[in-house]
Structure formats: structure tokens, C-alpha cells
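What the coordinates show
Below are the chains, spelled out letter by letter.
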Amino acid sequence: MVLSIALSVSSFAGKVDTVLVHSDVMNKDIKAIVVTPTPSRKARNVHYPVVYLLHGASANCKYYLEKVKPTLPEIADRLGFIFVTPDALNSWYFDSPVRKNYKYETFMSSELVSYIDSAYNTIPEKKGRAITGLSMGGHGALYLAFRHKEVYGACGSMSGGVDIRPFPRNWELPYDLGEYASHKKNWDANTVVNQIDRIEDGDLSIIIDCGEGDFFLEVNKSLHERLLGRKISHDFTTRPGEHNSAYWENSLDYQLLFFKKYFERNGIK
């Protein structure tokens, strides 16, 4: 069963809910921010596409509204999108083979999506869902989309940690996967670059970008090359910038335009 407690804030253009979504698989409630467009009086039963925004390590569900895009409610109104930003601790958005109570892949791709579709006027199909994230969240967005292409239709990554193996001591990863030297199979099985074989060209609309001054730049270039090698269409961009909110504030504009075009190609205006 999924439970929620909503606190609404409507001082912006759109509506901002703080919800608690119960996870059966983790036996706990998980907080998420949901931003919805303001329905017009003439179109109360409009159904909207959903964009899931995943935060980075050491952040939380408030990060996008507080640090990246305080104007998300206005953007929700302008584009007609629902935005969902869930808490995920430092989970990297996979089901940890070490921490048995860390099942964030299952939560994100099943429990959270089911809750959002039941509680809001969504388009409950992959053609109406996109997912992106920054840093750890960029890894999470591609990881989830590549592994659940039946759930998400479009995906993106901003400055994503798309190959975690060059960073074996960072961001609590050994707690989630075990020490790299003795648990290499766990690391190989849960890094984005090793999920590419799960998809074929056309399964997903993909957008990836990274700043030229970002410490994740090389792993993003490697992912790009691997996608080219598999002949999987995608947008890949590098721009001046570092691993910070100023870069992501700009990057998100491009990604939302990409998702808008994806939705429009699927007849969603």
C-alpha cells in the first residue's frame, strides 16, 4: 500500500506538494516534492507528462527547488509538466546487494511511479514519462531508464557519474557495493556504462551533457563513445562549466526542451 501526506504551497505559479510515499520493499516512507501545473478552469481534467528529477549525493528532494531551479513551479505552468523530485540518500538509485534495506531501483521504477500515477493527473505511459538527474542523479536516471525502458520513454544526465568504477572510495559507494577490490562484480553490474546492452536504438530518447571542467567529463565521453559504438542515437553536449548548481541551472533548460520535443513527437502538447 502507498500512503501520502501532502503539504501544499501555492505562492508560486504552480502547486508544490511535499508527499510521503510508502515503500513496501524498504518498509519506510520516503519524502518527495511534486510540482504540478495550475489547472485552468476550462481544463480541470487535463493529464500531464511527468519529469522525474534525481538529486546528487549528499542532497535531498528539495535540492532542485532550493539550489537549481526555484522557478520550477512557473516552468510547470509554462510547459505543462509535472515534476517529481524524490529523496534517495546516497543510494545511487540501485538495489544495493550489500545494504538490504536500500532498494531504490525498485522504489523509483515501480512504487514511486505507481503512486504518482494514482495521485496525480498523469499520462501513465512511457510516452508521458522522462527522467533525468545531476551527478549521482545522472547515473540514477540513465541506470533506471536503461533497465526499465518499459517505464520511461526519455532520459537524461547532467554531469552524471555514469561510470562509478574510477571512484572506488567516494560517496559511500563501498557501503552500497562492497569494497571494489573484493566485490568487482557488484560494481560492474551496477554502473551505467554496463547497462547499454539492455537497449537498442529507438528504445529511449537520450540526452547527456557535462561541463568541460567537471571531474566526470571523461566517463561521460566514454559513455558517449560506447553509445556511438552500439549505434544508439542520443544527444551529447559538453559546455564550459564545472560540477555545480550554476552549470545544472543552465543545463536543465536544454534538457527540458529536449523532453518537450519528445512529448510532442508522441502527441502530447
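Here the structure is shown first, and the text comes after it.
On to the overall build of the chain. Secondary structure summary: the chain contains eight helices and nine strands in total. Its C-alpha atoms give the chain a radius of gyration of 17 Å, within 12% of the compact-globule value 18 Å for 269 residues. Counting over 269 residues, the chain shows a buried share of 53%. For the chain, restricting intrachain contacts to residue pairs at least 6 apart in sequence, the fraction spanning at least 24 positions comes to 71%. Of the accessible surface of the chain, which amounts to about 11,700 Å², a share of 50% is contributed by carbon and sulfur atoms. Here the chain holds 32 positive side-chain charges and 32 negative ones, and the gap between their average locations is 3 Å.

Inspection of the secondary structure puts S23 in strand 2 (residues 15-23). Engagement of the side chain of S23 in a polar contact is seen with the side chain of E111, the distance being 2.6 Å. Apart from residues lying up to four places away in sequence, S23 is in contact with K28, I30, F107 and E111.

Okay, the pattern of salt bridges next. Tallied over the entire structure, the rule returns 16 salt bridges. Put simply, K221 and E218 hold a salt bridge, and the shortest N to O gap is 4.0 Å. Highlighted residues: K221 and E218, both in helix 7 (residues 217-229), separated by three residues, approximately one helical turn. Using a relative accessible area of 32% as the deciding quantity, one classes K221 as partly exposed. Residue class for E218 comes out exposed when judged on its relative accessible area of 55%. The salt bridge involving K260 is made with E264; its shortest N-O contact spans 2.6 Å.

A separate point is helix 4 (residues 136-147). Its twelve residues place the ends of helix 4 16 Å apart at the C-alpha level, agreeing with the 16 Å of an ideal helix rising 1.5 Å per residue. Burial analysis of helix 4 places eleven of its twelve residues in the buried class, the great majority of the element. All of the buried residues in helix 4 are M136, G137, G138, H139, G140, A141, L142, Y143, L144, A145 and F146.

Our focus in this paragraph is the pairing of strand 6 (residues 129-133). In terms of burial, strand 6 is a largely internal element, five of the five residues being buried. Of the two faces of strand 6, the one carrying R129, I131 and G133 and the one carrying A130 and T132 are both buried. Pairing between strand 6 and strand 7 (residues 154-158): two bridges, direction parallel. Looking at the pairing, A130 lines up with A154 of strand 7. With helix 4 bridging strand 6 and the parallel strand 7, this β-α-β connection has right-handed handedness.

The next point concerns the packing of aromatic side chains. This model, assessed by the stated rule, comprises 15 aromatic pairs. Ring centres of F81 and F83 lie 6.0 Å apart, and the angle between their planes is 70°; this geometry places the pair in the edge-to-face category. Ring centres of F258 and F259 lie 6.0 Å apart, and the angle between their planes is 70°; on these two criteria the pair is classed as edge-to-face. Each member of the pair F258 and F259 is classed as buried. Pairwise contacts between aromatic rings join W92, F167, W171, F215 and F216 into one cluster. Between the NZ or CZ atom of R239 and the centre of the ring of Y254, over which it lies, the distance is 4.4 Å.

All right, on to the environment of F216 then. Residue placement: F216 occurs in the loop between strand 8 (205-211) and helix 7. Residues F216 and R78, 138 residues apart in the sequence, show an inter-C-alpha distance of 32 Å. Once you skip the residues sitting within four places of it in the chain, F216 turns out to touch W92, S135, S159, G160, G161, F167, W171, C210 and H243.

Analysis parameters
- Residues numbered from 1 in each chain as written.
- Predicted model: local features only at pLDDT ≥ 70, side-chain atom pairs only at ≥ 80, totals over all residues.
- Heavy atoms only, no water.
- Helix = DSSP H or I, 4+ residues; strand = E, 2+ residues; numbered from the N terminus.
- Rg over C-alpha atoms; globule rule 2.2 N^0.38 Å.
- Buried < 20%, exposed > 50% of the residue type's maximum accessible area, 1.4 Å probe, protein only.
- Contact = heavy atoms within 4.5 Å.
- Areas by Shrake-Rupley, 256 points an atom, 1.4 Å probe, with all protein chains shown as cover.
- Lys, Arg positive; Asp, Glu negative; His and termini not counted.
- Charge placed at Lys NZ, Arg CZ, Asp CG, Glu CD.
- Polar contact = N/O pair within 3.5 Å; in protein donor to acceptor, adjacent residues only side chain to side chain.
- Salt bridge = Lys/Arg side-chain N within 4 Å of Asp/Glu carboxyl O.
- Expected span 1.5 Å × (residues − 1).
- Pairing = 2+ DSSP bridges.
- Right-handed = clockwise from strand over helix to strand, strands pointing away.
- Phe/Tyr/Trp six-rings, centres within 6.5 Å; stacked < 30°, edge-to-face > 60°.
- Lys NZ or Arg CZ within 6 Å of the ring centre and 35° of its normal.

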